[in-house]
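# Geometric and topological summary
One-letter residues, chain by chain:
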Amino acid sequence: GQSLEQPSEVTAVEGAIVQINCTYQTSGFYGLSWYQQHDGGAPTFLSYNALDGLEETGRFSSFLSRSDSYGYLLLQELQMKDSASYFCAVRGGGPGRGSTLGRLYFGRGTQLTVWP
Amino acid sequence: DSGVTQTPKHLITATGQRVTLRCSPRSGDLSVYWYQQSLDQGLQFLIQYYNGEERAKGNILERFSAQQFPDLHSELNLSSLELGDSALYFCASRTDANTGELFFGEGSRLTVL
């Protein structure tokens, strides 16, 4: 079957580091993306890993291990504004028909709360 | 601002009715995606169009249909609405086919009473 697993909630304090894990089981896989969504707003793209290893973009880093079907998003120097939902998404996965090349299959999201 | 425009932002209607949601992708983007997000749920893929043609279909209900027009805007039609169809409906477009980056609109919040 197809599945994407990530924790439902994570809490941390300002200035801390938090890691949000994502494990996946999909029929197709081209890469793993991460998105941020504030309270019902538009999801915004954070990062994409097609190959194994770590990608760093400012305070955010993302890691992928294709052999383990596992990835994580690392958020450093947390700020209050980082409180949001974070979604991992597999490119090429998910149920359905037709081309999988551009399709993104999203997990249920992790609600991150940053406390002062 | 992602450059993807969705209308209406909010819509309240009754069960059994039909609504149409509209999306204009980013300038130059040929792909349009529709996603449904129910309360505390992830984004469920509905359907993808590329340059006017259906490219992929997810778990979209038969009561739902979509199309992409020659000017590349897209419409999602939801008919025989049920209470459970209340959700946020997002449209997204894509520039680079080889990345996992989609640009999402602000969404249309549908409430079925």
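Predicted model only: the values in this text are computed from it and were never measured. (Residues numbered from 1 in each chain as written. Chains lettered and ligands numbered in written order. Predicted model: local features only at pLDDT ≥ 70, side-chain atom pairs only at ≥ 80, totals over all residues. Heavy atoms only, no water.)

### A short note on the sheet that holds strand 6 (residues 53–57) of chain A
Residue and element names in this part refer to chain A. In space, the 5 strands of this open sheet follow the order 1-3-8-7-6, with antiparallel pairing throughout. Looking at which strands have only one partner, the edges of the open sheet turn out to be strand 1 (3–5) and strand 6. Going across the sheet, the axis of each strand differs from the next one's by a mean of 15°, ignoring polarity. (Pairing = 2+ DSSP bridges. Helix = DSSP H or I, 4+ residues; strand = E, 2+ residues; numbered from the N terminus. Axes fitted to C-alpha atoms, helices over the stretch in contact; angles between N-to-C directions.)

### Let's talk about unusual backbone geometry
In this model, T7(B) is joined to P8(B) through a cis peptide bond whose omega is -10°. Here P8(B) shows up in the loop between strand 1 (5–7) and strand 2 (10–13). Notably, S69(A) is not glycine yet its phi reads approximately 50°, a positive angle. By secondary structure assignment, the location of S69(A) is in the loop between strand 7 (60–65) and strand 8 (70–75). For N51(B), which is not a glycine, the phi torsion comes out positive at approximately 50°. Residue position: N51(B) is located in the loop between strand 5 (44–50) and strand 6 (53–57).

### Examining the pairing of strand 5 of chain B
Residues and elements named next belong to chain B. The buried count for strand 5 comes to 5 of 7 residues, which makes it a mostly enclosed element. Here strand 4 (residues 31–37) runs beside strand 5; their pairing, made up of 6 bridges, is antiparallel. By the bridge assignment, Y35 is partnered in strand 5 with F45. Pairing analysis gives 4 bridges linking strand 5 to strand 6, with the strands arranged antiparallel. If you follow Q48 over to strand 6, its bridge partner there is A56. From the end of strand 5 to the start of strand 6, which pair antiparallel, there are 2 residues, and N51 there has a positive phi angle of about 50°. (Buried < 20%, exposed > 50% of the residue type's maximum accessible area, 1.4 Å probe, protein only.)

### Digging into the pattern of salt bridges
All names here are of chain B. Summed over all chains, the structure comprises 7 salt bridges over all chains. For R22, the salt bridge is made with E75, and the minimal N-O distance between the two is 4.0 Å. Placement of the pair is R22 in strand 3 (residues 19–24) and E75 in strand 8 (residues 74–78), with a sequence separation of 53 residues. The partly exposed category is assigned to R22, whose relative accessible area is 34%. With a closest N to O distance of 2.8 Å, D85 and R63 form a salt bridge. Residue D85 is found in the loop between strand 8 and strand 9 (87–94), and its partner R63 is found in the loop between strand 6 and strand 7 (64–68); the two are separated by 22 residues along the sequence. (Salt bridge = Lys/Arg side-chain N within 4 Å of Asp/Glu carboxyl O.)

### What about the environment of P8(B)?
A residue is classified by how much of its surface remains accessible, and P8(B), at 27% relative accessible area, is partly exposed. For the pair formed by P8(B) and Q41(B), sequence separation is 33 residues and the distance between their alpha carbons is 21 Å.

### Considerations on the nonpolar core
Ranked by size, the top nonpolar core spans 22 residues in total, and within it L4(A), L32(A), W34(A), L75(A), L78(A), Y86(A) and L112(A) carry the most contacts. At the level of elements, strand 2 (9–13), strand 3 (18–25), strand 4 (31–37), strand 7, strand 8, strand 9 (84–91) and strand 12 (110–115) of chain A are the ones that each hand at least two residues to this core. Ignoring any residue separated from it by four or fewer positions in sequence, one finds L4(A) in contact with C22(A), T23(A), Y24(A), C88(A), A89(A), V90(A), Y105(A), F106(A) and G107(A). Counting 21 residues, the second largest nonpolar core, distinct from the first, contains V32(B), I47(B), I60(B) and V112(B). (Core = buried A, V, L, I, M, F, W, Y, C linked by side-chain atoms within 4.5 Å. Contact = heavy atoms within 4.5 Å.)

### Topic: the state of the cysteines
Tallied over the full model, the rule gives 2 disulfides over all chains. Disulfide partner of C22(A): C88(A), at an S-S distance of 2.2 Å. Taking the sign of the S-S torsion, about 75° here, the bridge from C22(A) to C88(A) comes out right-handed. On the criterion of sequence distance, the pair formed by C22(A) in strand 3 and C88(A) in strand 9 is long-range, its members being 66 residues apart. Accessibility assignment for this pair places C22(A) and C88(A) in one class, buried. With a sulfur-sulfur separation of 1.8 Å, C23(B) is cross-linked through a disulfide to C91(B). When the S-S torsion is -50°, as for the bridge of C23(B) with C91(B), the disulfide is left-handed. Here the residue C23(B) occupies a position in strand 3, and C91(B) occupies one in strand 9, the gap between them amounting to 68 residues. According to the relative accessible area criterion, C23(B) is buried, its value standing at 0%. Given a relative accessible area of 0%, C91(B) falls into the buried group. (Disulfide = S-S within 2.5 Å.)

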